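Take a look at the letters that make up each chain.
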Amino acid sequence: QVQLVESGGGLVQAGGSLRLSCAASGRTFSSNTMGWFRQAPGKEREFVARIRRSGDSTYYGDSVKGRFTISRVNAKNTVYLQMNSLKPEDTAVYYCAASKSWLPRGPDEYDSWGQGTQVTVSA
């Protein structure tokens, strides 16, 4: 199973930018669809973005579309989430996840999860 470690979270002002990284261990990273989710206190885990194995297809949740960009560098076993124009509503713990599925439909179809990294956006 792929082991995932997120980093790059922190405190940023509204309108600012932040880039999250997710480092994967093992040699099967390139065979996984990768995703980002987030969860704020009292809320359900929310889909943020996903990227296919080859990196040639991405998909975003409506709440972040146009502001966030997911990318991956398979040679580095790393996936990124570039977050721009951040809003206080983006405050959450952000989780990196890996799926053996080409098109995972929801959190249950992701096989591996990181421990999360906190992102706080001040008004």
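Up top is the structure these notes are about.
Nothing here was measured: the structure is a model prediction, and the numbers come from that model.

Trainee: Whenever I open this one, the overall build of the protein chain confuses me. Can you help?
Mentor: Secondary structure assignment for the protein chain yields zero helices and 11 strands. In the protein chain, the succession of α and β elements from N to C terminus is β-β-β-β-β-β-β-β-β-β-β. Over its C-alpha atoms, taken along the principal directions, the protein chain stretches across nearly 40 × 25 × 25 Å. Across the 123 residues that make up the protein chain, the buried fraction comes to 43%. Sequence-distant contacts, at least 24 apart, represent 56% of the contacts inside the protein chain between residues at least 6 apart. In the structure as shown, the protein chain presents an accessible area of about 6400 Å², 47% of it carried by carbon and sulfur atoms. Separation of charge centres in the protein chain, based on 15 positive and 10 negative side chains, amounts to 7 Å.

Trainee: I tried to follow unusual backbone geometry on my own but got confused; where do I start?
Mentor: With the exception of glycine, the majority of residues adopt a negative phi angle, and the majority of peptide bonds are in the trans configuration. The phi angle at N77 is positive, at roughly 50°, despite the residue not being glycine. A positive phi angle, near 50°, is found at S85, a position not held by glycine. Counting through the fold element by element, S85 comes out in the loop between β8 (78-83) and β9 (92-99).

Trainee: What is the right way to look at the environment of D62 in this model?
Mentor: Relative to the helices and strands, D62 resides in the loop between β6 (58-60) and β7 (68-73). The class of D62 is exposed, set by a relative accessible area of 66%. Each C-alpha atom, one on D62 and one on R50, is 13 Å from the other, the two residues being 12 residues apart in sequence. A polar atom in the side chain of D62 sits 3.1 Å from the side chain of K65.

Trainee: Just checking my understanding: could you explain the sheet that holds strand β1 (residues 3-7) for this structure?
Mentor: Hydrogen bonds along the backbone pair up the strands of a sheet, which may run parallel or antiparallel. Read from one edge to the other, the open sheet built from four strands follows the order β1-β3-β8-β7, with strand pairing classed as antiparallel. Each edge of the sheet is formed by a strand with only one pairing partner; in this case those strands are β1 and β7. Taken pair by pair, the neighbouring strands of this sheet meet at an average axis angle of 15°, ignoring direction. Across six bridges, the pairing between β7 and β8 is antiparallel. Residue pairing across strands places I70 opposite L81, the latter belonging to β8.

Trainee: It is not clear to me how the packing of aromatic side chains should be interpreted in this structure. Could you clarify?
Mentor: The description of an aromatic ring pair uses the distance of the two centres, along with the angle that the planes make with each other. Counted according to the given criterion, the structure contains five aromatic pairs. Measuring from centroid to centroid gives 5.0 Å for F37 and W113, while their planes differ by 50°, and the two rings are tilted. With a gap of 76 residues between them, F37 in strand β4 (residues 33-39) and W113 in strand β10 (residues 112-113) connect regions that are remote in the sequence. The class for F37 is buried, based on a relative accessible area of 2%. Seen from the ring of Y95, R45 lies directly overhead, with NZ or CZ sitting 3.9 Å from the centre. It is R45 that lies over the ring of W113; its NZ or CZ is 4.8 Å from the centre.

About the criteria used
- Residues numbered from 1 in each chain as written.
- Predicted model: local features only at pLDDT ≥ 70, side-chain atom pairs only at ≥ 80, totals over all residues.
- Heavy atoms only, no water.
- Helix = DSSP H or I, 4+ residues; strand = E, 2+ residues; numbered from the N terminus.
- Buried < 20%, exposed > 50% of the residue type's maximum accessible area, 1.4 Å probe, protein only.
- Contact = heavy atoms within 4.5 Å.
- Areas by Shrake-Rupley, 256 points an atom, 1.4 Å probe, with all protein chains shown as cover.
- Lys, Arg positive; Asp, Glu negative; His and termini not counted.
- Charge placed at Lys NZ, Arg CZ, Asp CG, Glu CD.
- Polar contact = N/O pair within 3.5 Å; in protein donor to acceptor, adjacent residues only side chain to side chain.
- Pairing = 2+ DSSP bridges.
- Axes fitted to C-alpha atoms, helices over the stretch in contact; angles between N-to-C directions.
- Phe/Tyr/Trp six-rings, centres within 6.5 Å; stacked < 30°, edge-to-face > 60°.
- Lys NZ or Arg CZ within 6 Å of the ring centre and 35° of its normal.

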